[in-house]
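# Residue-level structural notes
Spelled out, the chains give:
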Amino acid sequence: MKHLVAPSILAADFANLQRDIEMINNSQADWIHVDIMDGVFVPNISFGFPVTSAVKKHALKPLDVHLMIVEPDRYLKNFKDAGASGITVHYEVCPNLHRTVQYIKELGCRAGVALNPHTPVAALDDIIGDLDMVLIMSVNPGFGGQRFIENTYKKLRDIKELSSRKNPNLFIEVDGGVDAHNINALIEAGANVFVAGSSVFSSPDPTAAIAGLKDPKPFPRS
Ligand code: DX5
Ligand code: ZN
């Protein structure tokens, strides 16, 4: 499968969201990544349902909603109603993960589970067959623009191996510090969906930055 690119609107200009959504609509991006932060699970607050619904109103691409919140079960239906096509919850806050995943699917959404940098891939061994997507955090969740954690390559190889055995159609998404320098190596390690915030929105030409991630050129390692 050709890899997918999901620009994260966390790095967009919130005073010009419609303009930035339209830029994504007219780009080669596949999904729009929507980062929800509650100030409890992560030390930052982003935005919630009204902003997600407003994004949906203009979006021509599926919303890939990443919930960095405690007790996500309480809000799954709200995010579905706000326009989510896929909902990803964090492993670290779901004591009844199997139930949560089934509920996301009952809502008609793609079900994803995110792993923080310290959470081993093996934690998903008994649920991988029920998942549509695994999101590997390559930074600690909470902020855009952080430095990529190198151990992510090992985790991607681990999840790729698990998915080849138990769920070959799994989306393997990597989130945090993705750019034109590391995307080839990340593809090689097994990722097939790429979230990119700062590398897209701090580029002088965000549309071209997205095109560069869709069709990456070999990048000489310095
Ligand atoms: C981090 C978020 C990411 C973030 C990525 O907590 O989950 O989606 O927007 O931003 P960059 O690409 O700037 O690391
Ligand atoms: Zn995210």
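Residues numbered from 1 in each chain as written. Chains lettered and ligands numbered in written order. Predicted model: local features only at pLDDT ≥ 70, side-chain atom pairs only at ≥ 80, totals over all residues. Heavy atoms only, no water.

### Remarks on the pairing of strand S8 (residues 193–196)
The criterion, for reference: Relative accessible area decides the class of each residue, using a 1.4 Å probe on protein chains only: under 20% of the type maximum gives buried, over 50% gives exposed, and in between gives partly exposed. Per the convention used, a helix needs a DSSP run of H or I reaching at least four residues, while a strand needs a run of E reaching at least two, with both numbered from the N terminus. DSSP bridges decide pairing: two strands pair if at least two such bridges lie between them.
Going residue by residue along S8, you find Val193 and Val195 tucked away on one face and Phe194 and Ala196 tucked away on the opposite face as well. In this sheet, S8 lies alongside strand S1 (residues 4–7) in parallel orientation, the contact comprising 4 bridges. In the strand pairing of S8, Ala6 is matched with Val195. Here strand S7 (residues 171–175) pairs with S8 via 3 bridges, running parallel. Note on S8: the bridge partner recorded for Glu173 is Val193.

### Topic: the site of ligand 1
Operational definition: Proximity criterion: a residue is near a molecule or strand once any of its heavy atoms comes within 4 Å of it. Distance and chemistry together define a polar contact, namely a pair of N or O atoms within 3.5 Å, with one atom able to donate a hydrogen and the other to accept it when in protein, and with adjacent residues in sequence counting only for side-chain atoms on both sides. For the accessible areas, the method is Shrake-Rupley and the probe is 1.4 Å, while residue cover comes only from the protein chains on display. Ten residues, namely Ala, Val, Leu, Ile, Met, Phe, Trp, Tyr, Cys and Pro, are considered nonpolar, four, namely Asp, Glu, Lys and Arg, are considered charged, and the remaining ones, Gly among them, are considered polar.
Taken together, 20 residues lie near ligand 1, and Asp35, Gly142, Gly145, Asp175 and Ser198 sit nearest. Contacts to ligand 1 include Asp35, whose side-chain N or O atom sits 2.7 Å from an oxygen atom. Notes on ligand 1: free accessible area 380 Å², of which the protein chains cover 99%. If you list the elements that add at least two residues to the shell around ligand 1, you get strand S2 (32–37), strand S3 (63–68) and S8. Per-element tally for the shell around ligand 1: the top contributor is S2, with 3 residues. Partitioned by chemical class, the residues of the shell around ligand 1 number 8 nonpolar, 10 polar and 2 charged.

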